[in-house]
Amino acid sequence: LHGGRQKDRRDQRGGLDQEDGKAIIMSFADTLATWLQDSEIGEGDPVKVVAKVLHQLGKTTDLFLVEGVEKRLWELIKVNRRKAREGAGVKKGFFSQAKKVDGGSKPSKDVVEEIVNPGLSSLDQKLKVDAEEAEKKVVSGLAAQESEGNGKETQLEEVEEDEGKGLVPNSGNGYSYESGHTWVQTLQDVTYTIPVPAGTKARDLVVDIRKTRLKVVLKSPSGLEPLVDDDLHKEIAVEDSFWNINDGKELELYLQKVDTMCWWDKVCSKQEGINTKKVEPENSKLSDLDAETRQTVEKMMFDQKQKAMGMPTSEEQQKEDMMKKFMDAHPEMDFSKAKFM
């Protein structure tokens, strides 16, 4: 909001100098408080304040002409929503002063359109429960066979192995290591937090984010101190990844996944991994997803149930059908000794 004067004060890698921005942040906080109380701007509703800011940015800048801006804005909303859920600066009763619109009155011209999540944030709870119940039936059946003395110990061990191995994930489906390094994830992204000495500024860090590697170096009085220098667990979209310093005491890296249908068990290759089978995604409805994403999720859940019941997945079934058609088309060939993978 303070124009291009602050542009030159930003670190070349995107970090904002905390000392230089302190006065700006305090002034902006006062302005937001004034807008929130203004009956013609906020009416006590912070969403209306955001709508006014976005409207002004659309008039004075080319923000909404930039490719992918809605995705970046949505990611910022997700990051702040996650922080709010963890209790970081949540204001109790924040919407309590918002004015209500009478049922028969004319809607306000400032009504803000609801934002729909553009991507996959979790798996459908009902399908997950169905898969878990099917898996329990399989385990119970194997246990019954063992009690009858049919020598099914090996099968039971395989079912136990399906529970996975590794560290128990934290509430954000990541992990908090003793070193202070913490990470959380959704299917789309990973947020990696690294503690730094109090008062650290953007210019005190060298952050190199690459497709398959991450390097973070702290410039200290004693010299360069590497904080991270390791291969990433999986590929990321570098152009959609960024970093910033929180309160001068922690570095927060936002890493956009390339494969948005996969849970990570670690951020860097040298870290101990979590048990991804214990990941607990948030509840959502398949109807909220776009057609392509919904089809992918339904396929994943179908394959999960098929595996739990010892039946072929959709890909395995497709291969079997193709082989059956080939065999039917060539009755002169002998497939009795053939081995199919």
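Given the structure is predicted, the values throughout are model-derived calculations rather than measurements. (Residues numbered from 1 in each chain as written. Predicted model: local features only at pLDDT ≥ 70, side-chain atom pairs only at ≥ 80, totals over all residues. Heavy atoms only, no water.)

Enquirer: Let's hear about the overall build of the protein: which residues, and what values?
Expert: Secondary structure assignment for the protein yields seven helices and eight strands. Split by element, the accessible area of the protein, about 23300 Å² in all, is 51% carbon and sulfur. (Helix = DSSP H or I, 4+ residues; strand = E, 2+ residues; numbered from the N terminus. Areas by Shrake-Rupley, 256 points an atom, 1.4 Å probe, with all protein chains shown as cover.)

Enquirer: So what's going on with a nonpolar patch on the surface? Residues and values would help.
Expert: Together, Val 50, Leu 54 and Phe 64 make up an exposed nonpolar region whose accessible area comes to about 240 Å². Here Phe 64 is to be found in the loop between helix H2 (46–60) and helix H3 (69–85). For Phe 64, a relative accessible area of 41% translates into the label partly exposed. (Patch = residues over 30% accessible without salt bridge, like charges linked within 9 Å, V, L, I, M, F, W, Y side chains within 5 Å. Salt bridge = Lys/Arg side-chain N within 4 Å of Asp/Glu carboxyl O. Buried < 20%, exposed > 50% of the residue type's maximum accessible area, 1.4 Å probe, protein only.)

Enquirer: Account for H3, naming residues and giving values.
Expert: Helical geometry: 3.6 residues make up each α-helical turn, so side chains three or four residues apart lie on a common side. If you check H3, its first and last C-alpha atoms are 24 Å apart, about what 17 residues at 1.5 Å a residue would give, namely 24 Å. Turning to H3, its buried residues are Val 69, Trp 74, Glu 75, Lys 78, Val 79 and Arg 82. Buried residues belonging to H3 abut strand E2 (182–185), strand E3 (189–195) and strand E8 (250–256). (Expected span 1.5 Å × (residues − 1). Contact = heavy atoms within 4.5 Å.)

Enquirer: Provide a residue-level description of the sheet that holds strand E6 (residues 223–231), including the pertinent values.
Expert: Strand order in this open sheet of three strands is E4-E5-E6, and the pairing throughout is antiparallel. A single partner strand is all that each edge strand has here, and the edge strands are strand E4 (205–209) and E6. Each neighbouring strand pair of the sheet contributes to a mean axis angle of 10 degrees, computed without reference to strand direction. Two strands pair when backbone bridges link them, and strand E5 (residues 213–220) and E6 are joined in this way by eight bridges, in the antiparallel orientation. (Pairing = 2+ DSSP bridges. Axes fitted to C-alpha atoms, helices over the stretch in contact; angles between N-to-C directions.)

Enquirer: Which residues make up the sheet that holds E3, and what values do they have?
Expert: The sheet built from five strands is open, its strands ordered E1-E2-E3-E8-E7 with antiparallel pairing. Of all strands in the sheet, those with a lone pairing partner are strand E1 (175–176) and strand E7 (242–246), marking the two edges. Inspection of the sheet shows E2 paired to E3 by four bridges, in the antiparallel sense. Counted as the bridge partner of Trp 183 is Tyr 192 from E3. The sheet strands contacting H3 are E2, E3, E7 and E8, and the helix crosses E8 at an angle near 135 degrees.

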